Amino acid sequence: RRKFLKFNFGFFMTNIHIVNFPLAFVNILSGSRVRLFTMSDLWVAYLVVLLYSILYFFVMDRLGMHFYPIFNPRTSFSVVSIF
């Protein structure tokens, strides 16, 4: 648990999350044009979530890599355990 917290609040992860916000803001200000989302964008997003969930549950979970407590079926924070 200490290693997990040390990793998540360490220099690397903090910089990634702090630097992402200004970069996203610059992208909003200097972006070329507005792109409207369509239904195909929604279905592609659903597909990506489904594939990542399958990868997480059947590969990463079996290897003992638990990155997200909400996806981990062994915790009370899991969305799956609520149902």
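Residues numbered from 1 in each chain as written. Predicted model: local features only at pLDDT ≥ 70, side-chain atom pairs only at ≥ 80, totals over all residues. Heavy atoms only, no water.

Participant: Teacher, can you tell me more about a nonpolar patch on the surface here?
Facilitator: Judged by side-chain polarity, Leu 47, Leu 50, Leu 51, Ile 54, Leu 55, Phe 58, Val 59, Leu 63, Met 65 and Phe 67 come together as a nonpolar surface patch covering roughly 930 Å² of accessible area. With respect to the helices and strands, Val 59 occurs in helix α3 (residues 39–60). Val 59 gets classed as partly exposed once you look at its relative accessible area, which sits at 39%. (Patch = residues over 30% accessible without salt bridge, like charges linked within 9 Å, V, L, I, M, F, W, Y side chains within 5 Å. Areas by Shrake-Rupley, 256 points an atom, 1.4 Å probe, with all protein chains shown as cover. Salt bridge = Lys/Arg side-chain N within 4 Å of Asp/Glu carboxyl O. Helix = DSSP H or I, 4+ residues; strand = E, 2+ residues; numbered from the N terminus. Buried < 20%, exposed > 50% of the residue type's maximum accessible area, 1.4 Å probe, protein only.)

Participant: Looking at this model, I keep getting lost on helix α2 (residues 11–30). Mind explaining?
Facilitator: Counted at 1.5 Å a residue, the expected span for α2 with its 20 residues is 28 Å, and the 28 Å between its end C-alpha atoms agrees. Within α2, only one of the 20 residues are buried, which leaves the element largely exposed. (Expected span 1.5 Å × (residues − 1).)

Participant: For this particular structure, what's the right way to read the confidence of the model for the chain?
Facilitator: Do not read the predicted coordinates in detail wherever pLDDT is low. In this model, the chain carries an average pLDDT of 78, and 81% of its residues clear a pLDDT of 70 or more. At the level of individual helices and strands, the chain shows its lowest average pLDDT in helix α4 (residues 79–82), which scores 54, and its highest in α3, which scores 88. (pLDDT = per-residue confidence, 0-100.)

Participant: Hey, could you run me through the packing of aromatic side chains in this one?
Facilitator: Any two aromatic rings considered together are summarised by their centre-to-centre distance and by the angle between their planes. With the rule as written, the count across this model stands at two aromatic pairs. Ring centres of Trp 43 and Tyr 46 lie 5.4 Å apart, and the angle between their planes is 75°; this geometry places the pair in the edge-to-face category. Of the two residues, Trp 43 and Tyr 46 are both situated in helix α3; the distance of three residues between them amounts to about one turn of the helix. Given a relative accessible area of 46%, Tyr 46 falls into the partly exposed group. (Phe/Tyr/Trp six-rings, centres within 6.5 Å; stacked < 30°, edge-to-face > 60°.)

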